[in-house]
Amino acid sequence: MEEKTTTRALLIFAAFGATLLSAQVKTSGEVSKGPGYFYKVYGNPKDIVKKAQPGFFLAGGGDDLDDGFRWMCRLSGGGDFLVLRATGDDAYNPYISSICPQLNSVATLVISSSEGANQPFVAEKLRNAEAIFISGGDQSQYIRWWKGTAVQDILNGRIAAGVPVGGTSAGLDVLGEFIYSALHDTVTTPEALANPFHERVTLDRKFLSVPFLSGILTDAHVAERNRLGRDVAFLARILEQGWTYRASGIFIDEKTAVLLRPDGRATVIGPGHAYFVRASSKPEICQPGKPLTFRNLAVYRAGQGGFFDLSAWRGGGGSAYQISAENGVMHSTQSNGSVY
């Protein structure tokens, strides 16, 4: 009897120890550092291979949307979720882990130089990720440090392989084909409309190749920071520079996101709006030192539950109107005159 009791006690102790060890692995904070990078993982540090499904989480900045991250987690198949940053900390690790307990791991990879963007360790973590999210911050750092490096090549490879990818704020700005790069600090709407060639209007293109975001400019914090006017100026510059014959944009309010499926169909979540904007012609006046005149851009504004088909460029559950810049001043066909 004593022998059986002792054996049972040992089994219980072993099971408890295994559970404790599992908990320690789940909450581990394994750290790796190298030239130009910092990596911290929450969860199982060992790679696991899961079948991911494509999708794109376009977030407008501000408070994070749990539903958007849960959507990405489902698409990841419960694999390894990687957050990319140029600066900052690992605050996303416990947050995403708490709302997506099915994940094998959540890790943050801070890549703070071009040297770091070409490190083998960085390449390995990118290739092993079943979901990749680019955080907010300063998009000029993403362009300066990541464009033309292994990070760019591998990110595009993971997109092509069907891994879900997302971004918020600066991370959203680099998802479209056309990018406001902010190389000389940010520009305001009045500055950009007064002079679309202002020194702080810096544009770039072709960092990432996201399906259905070809020919599209993306921007965040739109209504909260009065950015729709400057986005119109950016579209005017893109057309004036001959980068495309038809410039379009997806501009998103804070606490709001667009969930983009691989077939080009998008759904809006959150309390704000997403603005799907397309120019029907080139600007009338887009010259250095002169106020912008750029008329009749079509807008489709969609809120929570609204949808938009990027392949057909039409939506539902929202409202359609036009906006114009006339001599540097924004106008709208909405009855209240608002461009938002």
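Just so we're clear, the structure is a prediction, and the values are computed from it rather than from any experiment.

About the thresholds
Per-chain numbering applies: the sequence of each chain, read as written, is numbered from 1 onward. The predicted nature of this model means local features are confined to residues of pLDDT at least 70 and side-chain atom pairs, given and counted, to a pLDDT of 80 or more, with totals for whole chains, interfaces and linings taken over all residues. Only hydrogens and water are set aside; all other atoms, that is, all heavy atoms of the structure, feed into the side-chain values. Helix and strand definitions here come from DSSP, where helices need a minimum of 4 consecutive H or I residues and strands a minimum of 2 consecutive E residues; each element is numbered from the N-terminal end. Here's how the labels work: a residue is buried when its accessible area is under 20% of the maximum for its type, exposed when over 50%, partly exposed in between, all with a 1.4 Å probe on protein chains only. Note on definitions: a residue-residue contact is assigned when non-hydrogen atoms from the two residues lie within 4.5 Å. Method for areas: the Shrake-Rupley scheme with a 1.4 Å probe, in which residue coverage is limited to the protein chains shown. Axes, fitted as lines to C-alpha atoms, cover a helix only where it is in contact. Angles between the N-to-C directions of the axes lie from 0 to 180 degrees. The scheme is simple: roughly parallel for angles under 35 degrees, roughly antiparallel for over 145, roughly perpendicular for 65 to 115, oblique for anything else. Residue type decides the class: Asp, Glu, Lys and Arg count as charged, Ala, Val, Leu, Ile, Met, Phe, Trp, Tyr, Cys and Pro as nonpolar, and the leftover types, Gly among them, as polar. Each pair of strands is called paired provided DSSP finds at least two bridges between the two strands. Stacked, tilted and edge-to-face are the three classes applied to pairs of Phe, Tyr and Trp rings, where Trp contributes its six-membered ring and a pair requires centres within 6.5 Å; stacked means planes under 30 degrees apart, edge-to-face means over 60, and tilted covers the rest. Ring-over charges, as used throughout, are those where CZ of Arg or NZ of Lys falls within 6 Å of the ring centre and within 35 degrees of the ring normal. Cysteine sulfur atoms that come within 2.5 Å of each other are treated as a disulfide pair. Only buried Ala, Val, Leu, Ile, Met, Phe, Trp, Tyr and Cys residues count toward a nonpolar core, and they belong to the same one when joined by side-chain atoms within 4.5 Å. What counts as a salt bridge is simple: a side-chain nitrogen of Lys or Arg found within 4 Å of a carboxyl oxygen of Asp or Glu.

**Re the overall build of the protein**
In terms of regular secondary structure, the protein is built from 10 helices and 19 strands. Dimensions of the protein along its principal axes, counting C-alpha atoms only, are 95 × 45 × 30 Å. Counting all 340 residues of the protein, 55% fall into the buried class. Sequence separation of 24 or more characterises 72% of the internal contacts of the protein that already satisfy a separation of 6 or more. Accessible surface, the protein as shown: approximately 14600 Å² in total, 52% of it carbon and sulfur.

**Thoughts on the packing of helix H5 (residues 120-128) against helix H7 (residues 150-160)**
The geometry of a pair of packed helices is captured by two quantities: the angle between their axes and the separation between those axes. Orientation of H5 relative to H7, taken along the N-to-C sense of each, is 10°, at an axis distance of 9 Å. One finds that H5 runs roughly parallel with respect to H7. Only Val151, Ile154, Leu155 and Arg158 of H7 make contact with H5, whose side of the interface consists of Val122, Ala123, Leu126 and Arg127. Tallied by class, the residues present in the contact of H5 with H7 amount to six nonpolar, no polar and two charged.

**Here's the deal with the pairing of strand E12 (residues 257-260)**
Burial of E12 is two-sided: the residues Ala257 and Leu259 facing one way and the residues Val258 and Leu260 facing the other way are all buried. Bridge count for strand E3 (residues 56-59) against E12 is four bridges, and the pairing is antiparallel. When the bridges of E12 are listed, phenylalanine 56 appears paired with leucine 260. Note: E12 against strand E13 (residues 265-269), four bridges, orientation antiparallel. Among the inter-strand pairings, alanine 257 is bridged to a residue of E13, identified as isoleucine 269. Here E12 folds back onto E13, and the loop between the two strands holds four residues, one of which, glycine 264, carries a positive phi near 90°.

**A look at the packing of aromatic side chains**
A complete count under the given rule lists 17 aromatic pairs for this structure. Centre to centre, the rings of phenylalanine 57 and phenylalanine 69 are 5.2 Å apart; their planes meet at 85°, and the pair counts as edge-to-face. With phenylalanine 57 in strand E3 and phenylalanine 69 in helix H2 (residues 66-76), this pair connects stretches of sequence that are 12 residues apart. Using a relative accessible area of 0% as the deciding quantity, one classes phenylalanine 69 as buried. Lying over the aromatic face of phenylalanine 197, arginine 237 brings its terminal NZ or CZ to 4.2 Å of the ring centre. The ring centre of tryptophan 313 lies 4.2 Å from the NZ or CZ of arginine 278, which sits over that ring.

**Considerations on the state of the cysteines**
Counted by the stated rule, this structure contains one disulfide. A sulfur-sulfur distance of 2.2 Å marks the disulfide that ties cysteine 73 to cysteine 100. For the disulfide bridge between cysteine 73 and cysteine 100, the dihedral angle about the S-S bond is near 90°, and by the sign convention the bridge is right-handed. Within this pair, whereas cysteine 73 is found in helix H2, its partner cysteine 100 is found in the loop between helix H3 (92-99) and strand E5 (105-111), the two being separated by 27 residues in sequence. You'll find cysteine 73 and cysteine 100 in the same group, each marked buried.

**Here we look at the nonpolar core**
Residues Leu84, Leu126, Trp146, Leu213, Val258 and Phe276 are the most contacted members of the largest nonpolar core, which totals 52 residues. Filtering out sequence-adjacent residues up to four positions away, leucine 84 remains in contact with Leu109, Ile111, Leu126, Ile132, Phe133, Ile134, Ser135, Tyr142, Trp146 and Leu155. If you look at the next biggest cluster of nonpolar residues, it comprises 34 residues, including Phe251, Cys286, Leu297 and Met330.

**Overview of the pattern of salt bridges**
The final tally for this structure, using the stated rule, is 11 salt bridges. With a closest N to O distance of 3.9 Å, aspartate 63 and lysine 255 form a salt bridge. Of this pair, aspartate 63 sits in the loop between E3 and H2 while lysine 255 sits in the loop between strand E11 (248-252) and E12, and the two are 192 residues apart along the sequence. Judged by relative accessible area, lysine 255 falls into the partly exposed class, the value being 37%. With a shortest N-O distance of 2.6 Å, arginine 295 and glutamate 284 are connected by a salt bridge. Placement of arginine 295 in strand E15 (residues 294-302) and of glutamate 284 in the loop between strand E14 (274-279) and E15 is noted, with a sequence separation of 11 residues between them. Its relative accessible area of 31% is what places arginine 295 among the partly exposed residues. Three or more residues are tied together by salt bridges with common partners; here these are Asp219, Arg227 and Arg230.

**Some thoughts on the packing of H2 against H3**
For the pair H2 and H3, the least separation of the axes is 10 Å and the interaxial angle reads 75°. Compared by their axis directions, H2 and H3 come out roughly perpendicular. On H3, the residues touching Asp66, Phe69, Arg70 and Cys73 of H2 are Tyr92, Tyr95, Ile96 and Ile99. A breakdown of the residues in the contact of H2 with H3 according to their chemical character gives six nonpolar, no polar and two charged.

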